[in-house]
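Structural characterization, general
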Amino acid sequence: MPILKDDRDTITLADILAPMTEAEFFEDYYDKKPLHIPGSADKFKGIMDWSILNELLSNGPLWSAKSLGLQIDKQPIPAALYCESREDRSGSMVMQPIAGKVMDLLHHGASLIANDIDMMSRPLRQVASAFEAAYNGKAQANLYCSWDSRQAFSSHFDTHDVFALHIEGKKTWRVFETRMPHPIRHARHSNGAYTDAQHMEQRGNLLFDVVLKPGDILYLPRGQYHDALAVSSGTVHVALGIVSLVGLDIVDALKDFAVEDEAFRTNLPRLAQGEAVTRSVLEDLGNKLHRLSEDPNVLAALLKYQANYSYDRSQYTLPIESSDKTFNLVGGPFRLVKDKGTFMLTGPRGAVPIPPGSEGPISWVLSQKSFRRGAFLSAHERIPATVADRLLSDLQSMGVLKSV
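So, here's what we can say about the structure. (Residues numbered from 1 in each chain as written. Predicted model: local features only at pLDDT ≥ 70, side-chain atom pairs only at ≥ 80, totals over all residues. Heavy atoms only, no water.)

1. Looking at the overall build of the chain
A count of helical and extended segments in the chain gives 12 helices and 19 strands. In summary, the chain has a C-alpha radius of gyration of 31 Å against a globular reference of 22 Å for 404 residues, an excess of more than 25%. Expressed as lengths along the three principal axes of its C-alpha atoms, the size of the chain is roughly 95 × 70 × 45 Å. Positive and negative side-chain charges in the chain, numbering 43 and 49 respectively, have mean positions lying 7 Å apart. (Helix = DSSP H or I, 4+ residues; strand = E, 2+ residues; numbered from the N terminus. Rg over C-alpha atoms; globule rule 2.2 N^0.38 Å. Lys, Arg positive; Asp, Glu negative; His and termini not counted. Charge placed at Lys NZ, Arg CZ, Asp CG, Glu CD.)

Listed below in structure tokens is the structure:
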């Protein structure tokens, strides 16, 4: 059954994981071990297929060499082989993929990687948002399109949890027994810290292999070694990578509070003062950090940060009802007169001086029976909106205008 339903505006992680429950996943698999969830062929209907992918890729100016990559036989293809330098809408020169060149390389066995595709359509945003809501983390989706028996990537691990949603064709995934201990994007704790030979050595024995078909899901906790190989003429899967907060984020949270304590802004002792003095300062700062970790304000700030730890997926909701105010001229008669070099606005309540330079806008107002705020701003473009709104408000207070 498709997880995207016309009568519902949201997709939940429970919808994606079904028939497994969300509670079962977090209890038995989350951050523990890999998981394969078979699904019906139409599970991701309306979210991604060949037709949707072709339409997204055809938005040429939206793609660049950074967002659309090509790999072949485990090596990246240089952007110059499938991109041309073209002017974007802002006038800047960027390397844009050329459809003909991309297609030619795909015909020769290249794999296509479309990065950040979760921002490209509403259904994909809904899927990513479902993971973010359940994880309290940031979800980012890349799409991989590859061909029979051409491997794009060597065995590797990721620094984030991975959910592979299989869309088209068939692909064999090999999952190895080694799981690196909670890697992160750090020079000493990511894929780049090891050579290909080291990866091959430390991936361990094969834990299991599985052929993913449309509707299937494969979950890999971060650090789990794996690789994949297409076994049909064309395969597509969307890989959701979810990054959660880690202990180092608490260090950053403490730093925001520690900066208010002068002790953390004081120079460290000079080396000539001796190791014992520096040790004493270190112990004092450590004790202060410990007390900060017990501060309820720090906990509250951390929980608030975690609750909002997601990408901005706000959407436009057009059309809208215009909030542009309409003003009607009321009472009167009103006239502008000049007395001894000062302009005065006269009416039934008498005469009042007006600010220098406002005679033009007020004269315009008095010539209208009714007008909208936008028309007033357009007629007086040199006046800042805040000044214009203050003048309109003053005219309302004086009984000259009425907002409707």
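2. Some details on the sheet that holds strand S15 (residues 335-339)
The strands that make up a sheet are held in pairs by hydrogen bonds between backbone atoms, and each pair lies either parallel or antiparallel. Read across the open sheet, the 3 strands follow the order S15-S16-S17; overall the sheet is antiparallel. The sheet terminates laterally at S15 and strand S17 (350-353), the two strands that pair on one side only. When strand polarity is set aside, the average angle formed by the axes of neighbouring strands in this sheet is 35°. Summarising the sheet, strand S16 (residues 342-347) and S17 pair through 4 bridges and their orientation is antiparallel. (Pairing = 2+ DSSP bridges. Axes fitted to C-alpha atoms, helices over the stretch in contact; angles between N-to-C directions.)

3. Side note on the sheet that holds strand S6 (residues 111-114)
The strand order across the open sheet built from 8 strands is S1-S11-S8-S13-S7-S6-S2-S3, with neighbouring strands paired in antiparallel fashion. For this open sheet the edge positions go to strand S1 (35-37) and strand S3 (75-76), each flanked by a neighbour on one side alone. Bridge count for strand S2 (residues 68-72) against S6 is 4 bridges, and the pairing is antiparallel. Within S6, the residue paired with Leu70 across the bridge is Leu112.

4. So, the side chain of Lys288
The topology assignment puts Lys288 in helix H8 (residues 275-293). Judged by relative accessible area, which is 19%, Lys288 ranks as buried. Side-chain polar atoms of Lys288 contact the side chain of Asp261, separated by 3.4 Å. For Lys288, the contacting residues outside a window of four places in its chain are Asp261, Ala263 and Phe264. (Buried < 20%, exposed > 50% of the residue type's maximum accessible area, 1.4 Å probe, protein only. Polar contact = N/O pair within 3.5 Å; in protein donor to acceptor, adjacent residues only side chain to side chain. Contact = heavy atoms within 4.5 Å.)

5. Brief notes about the environment of Ile3
Among the structural elements, Ile3 can be located in the segment before helix H1 (13-17). Ile3 gets classed as buried once you look at its relative accessible area, which sits at 3%. For the pair Ile3 and Phe376, spaced 373 residues apart in sequence, the C-alpha to C-alpha distance is 50 Å.

6. Points about the nonpolar core
Ranked by internal contacts, the top residues of the largest apolar core, which has 47 residues, are Met48, Leu143, Phe163 and Leu240. With residues up to four places along the chain from it excluded, the contact list for Met48 reads Leu53, Leu56, Ile117, Leu124, Leu143, Ile167, Val236 and Val238. Counting residues in each nonpolar core, the second largest holds 15 residues, with Val365, Phe376, Leu391 and Leu401 among its members. (Core = buried A, V, L, I, M, F, W, Y, C linked by side-chain atoms within 4.5 Å.)

7. Examining a nonpolar patch on the surface
A grouping of Tyr316, Leu318 and Ile320 is seen on the molecular surface, where their side chains present a nonpolar patch of about 470 Å² in accessible area. Among the secondary structure elements, Tyr316 is positioned in the loop between helix H9 (296-307) and strand S14 (326-329). (Patch = residues over 30% accessible without salt bridge, like charges linked within 9 Å, V, L, I, M, F, W, Y side chains within 5 Å. Areas by Shrake-Rupley, 256 points an atom, 1.4 Å probe, with all protein chains shown as cover. Salt bridge = Lys/Arg side-chain N within 4 Å of Asp/Glu carboxyl O.)

8. Details of the side chain of Asp118
Position of Asp118 relative to the elements: it lies in the loop between S6 and helix H5 (122-135). Overall, the relative accessible area of 2% leaves Asp118 in the buried class. Once residues within four sequence positions are removed from consideration, Asp118 is found in contact with Leu124, Arg125, Ala128, Ala139, Gln140, Ala141 and Arg313.

9. Comments concerning the packing of aromatic side chains
Per the counting criterion, the structure on display carries 19 aromatic pairs. Ring geometry for Trp364 and Phe376: centres 5.6 Å apart, planes at 65°, overall edge-to-face. Linking Trp364 in helix H10 (residues 359-366) with Phe376 in helix H11 (residues 373-379), this pair joins segments that are 12 residues apart in sequence. Grouping residues by exposure puts Trp364 and Phe376 together as buried. (Phe/Tyr/Trp six-rings, centres within 6.5 Å; stacked < 30°, edge-to-face > 60°.)

10. Concerning the environment of Lys66
Residue position: Lys66 is located in the loop between helix H3 (50-57) and S2. Under the relative-accessibility criterion, Lys66 is labelled exposed at 76%.

11. A closer look at the pattern of salt bridges
For the coordinates displayed, the defined rule picks out 12 salt bridges. Arg86 is the salt-bridge partner of Glu84, the closest N and O atoms lying 3.5 Å from each other. Classification of Glu84 by relative accessible area gives partly exposed; the value is 30%. Overlapping salt bridges bring together Glu84, Arg86 and Lys101 as one network.

12. Let's talk about H8
Here H8 spans 27 Å end to end across 19 residues, near enough to the 27 Å set by a 1.5 Å rise per residue. Here H8 has its buried residues at Leu285, Lys288 and Leu292. With its buried residues spanning 55° around the axis, H8 presents them on a single face. Of the exposed residues in H8, those oriented more than 90 degrees away from the buried face are Glu275, Ala276 and Leu282. If you follow the buried residues of H8, they end up packed against helix H7 (247-258) and H9. (Expected span 1.5 Å × (residues − 1). Arc of directions from axis to C-beta.)

13. Brief notes about unusual backbone geometry
Between Ala18 and Pro19 the backbone carries a cis peptide bond, its omega angle lying at 15°. By secondary structure assignment, the location of Pro19 is in the loop between H1 and helix H2 (22-28). For Asp31, which is not glycine, the phi torsion reads 60° and is therefore positive. Position of Asp31 among the secondary structure elements: in the loop between H2 and S1.

14. Focus on the packing of H7 against H9
At their nearest, the axes of H7 and H9 sit 10 Å apart, and the two run at 125° to each other. Considering their axes alone, H7 and H9 lie oblique with respect to each other. The handedness of the crossing between H7 and H9 comes out as right-handed. Here H7 contributes Ile250, Ala253, Leu254 and Phe257 to the contact with H9, which in turn contributes Asn297, Val298, Ala301 and Leu302. Split by residue class, the contact of H7 with H9 holds 7 nonpolar, 1 polar and no charged. (Parallel < 35°, antiparallel > 145°, perpendicular 65-115°, else oblique. Left-handed = near helix turned anticlockwise from the far one by under 90°. Nonpolar A, V, L, I, M, F, W, Y, C, P; charged D, E, K, R; others polar.)

Nothing here speaks to function; it is geometry throughout.
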